[in-house]
Amino acid sequence: MKRLNKVLASSLALMLVTIMLSVSPFAQEAAAPAQEVAIHHILDDAATPYSVLDSQYVRHLGRGEVTEKGYSMNWSMSGIEFEFTGTTAEVEVVTNDKSDQWRVRFNVSVDGGEPTKMMLYTGWNTICKDLEYGMHTVKFARASEGIDTQLYMTNVRTDGENPPVPTQIRPKRIEFLGDSYACGYGNLPEEIDNVKCPQNTDAWLAYPAMVARNYDADVDIVAVSGKGVCMNYATKKDPGINDKNVMPQQFLSSDMIRGSEEHQPWAFDNGQPQVMVIFLGTNDYNGSFKDGVWGAGSNPEYFVEKYQEMLGIIREKYPDTHILCVSKPFQCYHEELSVLIEEMAKQDDKLHRLVLEEFHASGIHGHPVPEQHQQTANYIIEAINAIPDVWGGEEPVVRVVESEDKSVSVFFNELKVDFDVKPVVVDDRTLVPMRAIFEVLGAQVDWNDKSQTATAVKDETKVAITIGGGFIVNEREVDLDVPAQLISDRTLVPLRAISESFGCQVVWEGYEVP
């Protein structure tokens, strides 16, 4: 849902300065680093806390898992997104607190505005305040890498009378599998010189987040500094191949694997992303060993073998996803990998290749700064745009899946839709929350409380539906087997009728007893 940007108070002033780029036809504005703020909670402790484990209050961004500390948010750009009515919102977290230099950083964007970068302390933290009273959308996403400082979230609370509600998933979703480049390692060299710490890393200003914003897409980032496809970063002092917790293992995990700890396997139950971008190979090249002898770039055969195995793992999980394999134009086995992808693409028409024309990195430890990340993002955007029907073709698909327990899940273009009120089946017709389904389909909706009628508009289509009454599509009355109904104080509407009115194909997948 798009709303006018609100202006934050001076204590949360937005300090981002745009940098105009001209590196490609897809050049975007790369933002300068945000000023860091640290605000301890200001709401009365009597304010009602709402658990982040409950999907009726917030929507999870990226991967995470339930632990005794709370819900883990350690992947880059992981976090929550929600709507609330009021002026102030806070989150309760648990971190392994260190000095402020090492403290975990998150970005907070209100109503789609530029983010404010914040340090988080164990306990309650105010993430926005002094807003104009009304409905606001808050995106709370991890800026610093989880390999150093971990964070677990437990609750949110606001000064509004009603609980927060989750935002709807975006129709487009991109997943990234990468290394320190994807995390934004060292992209803020002016923060602190030549030291790797949360203070100089901002995932919001790294290429994955830039690509996602270009498409207004949800983004999942599975990336860990120093990791490779089969060999991690190494030097001559290392005794042999370091293949501990390489990225194929990380891809299958719900939380970042830092050492010997074990995490839950990721369930892959949120549907498939339309696009997955893999940008790996730098650490493999710089961690190469052959016959027990170190030598950067010395083992291309092993890299190619393991890369092919990794693609097999990914394709098993994402059979319909377009996979874009990206490489720098140097020091990453890019030539050998191009041969592999060209051969595999003969059998897999959703496998694609991109070797960047240029790659520059003037930040800390040879990592890109924001404008250099934008250049990489532009190349990736151009490659994605060249893929025919990359976002699912002209006809979107709404898929309704009945589980063994007779509960119903809804997917839009393979992305699972999270509803604050569960879908129900009435007389063999699936009913879903009205506003949520209109937003997923990209329609703007108005509500007339007096007539109990919702009117939604998208492009040339206009529908009007009344609780317990009629359904009109472009001034033509349509018969409904089951009308819109008020259930649990929410207006539920017939999913098939609404979806087909906006040009969607609707597919039902009922549970079958083996």
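As the structure is a computational prediction, the values presented were derived from the model and not from experiment. Chains are numbered independently. Their residues run from 1 in the order of the written sequence. The predicted origin of the model limits local features to residues at a pLDDT of at least 70 and limits the giving and counting of side-chain atom pairs to 80 or more, whereas totals for whole chains, interfaces and linings rest on all residues. Hydrogen atoms and water are omitted, and side-chain values are computed over all heavy atoms in the structure.

A.B. asks: I'd like a rundown of the pattern of salt bridges, residues and numbers included.
C.D. replies: Whenever Lys or Arg places a side-chain nitrogen within 4 Å of a carboxyl oxygen from Asp or Glu, that contact is recorded as a salt bridge. Applying the stated criterion to the full structure yields 22 salt bridges. Across the pair Glu175 and Arg63 runs a salt bridge whose closest N-O atoms are separated by 3.3 Å. You can see Glu175 sitting in strand β16 (residues 173-178) and its partner Arg63 sitting in the loop between β5 (59-61) and β6 (66-67), a full 112 residues away along the chain. Residues Asp218 and Arg170 are paired through a salt bridge, measuring 3.0 Å at the closest nitrogen-oxygen approach. Here the residue Asp218 occupies a position in strand β17 (residues 218-223), and Arg170 occupies one in the loop between β15 (165-166) and β16, the gap between them amounting to 48 residues. Note on classification: 1.4 Å probe, protein chains only; a residue is buried when its accessible area is under 20% of the maximum for its type, exposed when over 50%, partly exposed between these limits. Take Asp218: its relative accessible area is 10%, and that puts it in the buried class. Only DSSP runs of H or I reaching four residues or more are called helices, and only runs of E reaching two or more are called strands; each is numbered from the N terminus.

A.B. asks: Quick one: what's the story with empty space enclosed by the protein, residue by residue and with numbers?
C.D. replies: Here a cavity is any set of points on a 1 Å grid over the protein atoms alone where a 1.4 Å probe fits but cannot get out, and a pocket is any open set with protein on both sides within 12 Å along at least 5 of 7 lines; a residue lines the site when it has an atom within 4 Å of a point. Grid points are joined across faces, edges and corners, and a volume is the space filled by probe spheres set on the points. Counted under the stated rule, the structure contains one cavity of 30 Å³ or more. What lines the largest cavity is simply Leu61, Met77, Lys139, Arg170, Ala217, Asp218 and Val219. Residue classes follow a fixed rule: Ala, Val, Leu, Ile, Met, Phe, Trp, Tyr, Cys and Pro count as nonpolar, while Asp, Glu, Lys and Arg count as charged, and any other residue, Gly among them, counts as polar. In terms of residue class, the lining of the largest cavity is built from four nonpolar, no polar and three charged.

A.B. asks: Kindly report on the nonpolar core, identifying the contributing residues and their values.
C.D. replies: If you look at the biggest cluster of nonpolar residues, it comprises 38 residues, and the most contacted ones within it are Ile174, Val211, Ile380 and Ile384. Formed by 32 residues, the second largest nonpolar core is a distinct cluster that contains Val398, Val445, Val473 and Val493. By convention a nonpolar core is built from buried Ala, Val, Leu, Ile, Met, Phe, Trp, Tyr and Cys residues, the set being connected through side-chain atoms within 4.5 Å.

A.B. asks: Describe in detail the layout of surface pockets, supporting the description with residues and values.
C.D. replies: In this model, the second largest pocket occupies a volume close to 1000 Å³. Taken together, 40 residues line the second largest pocket, and the ones lying closest to its centre are Ser55, His60, Asn270, Lys416 and Asp418. Looking at side-chain class alone, the lining of the second largest pocket contains 18 nonpolar, 10 polar and 12 charged residues.

A.B. asks: Provide a residue-level description of the pairing of strand β18 (residues 275-279), including the pertinent values.
C.D. replies: The side chains of a regular strand alternate between both faces of the sheet. In terms of residue burial, β18 counts as a mostly covered element, since five of its five residues are buried. Side-chain alternation along β18 places Val275, Val277 and Phe279 on one buried face and Met276 and Ile278 on a second face that is also buried. When β16 meets β18, the two strands line up parallel, connected through four bridges. Bridged to Glu175 within β18 is Met276. Strands are treated as partners if at least two bridges between them are detected by DSSP.

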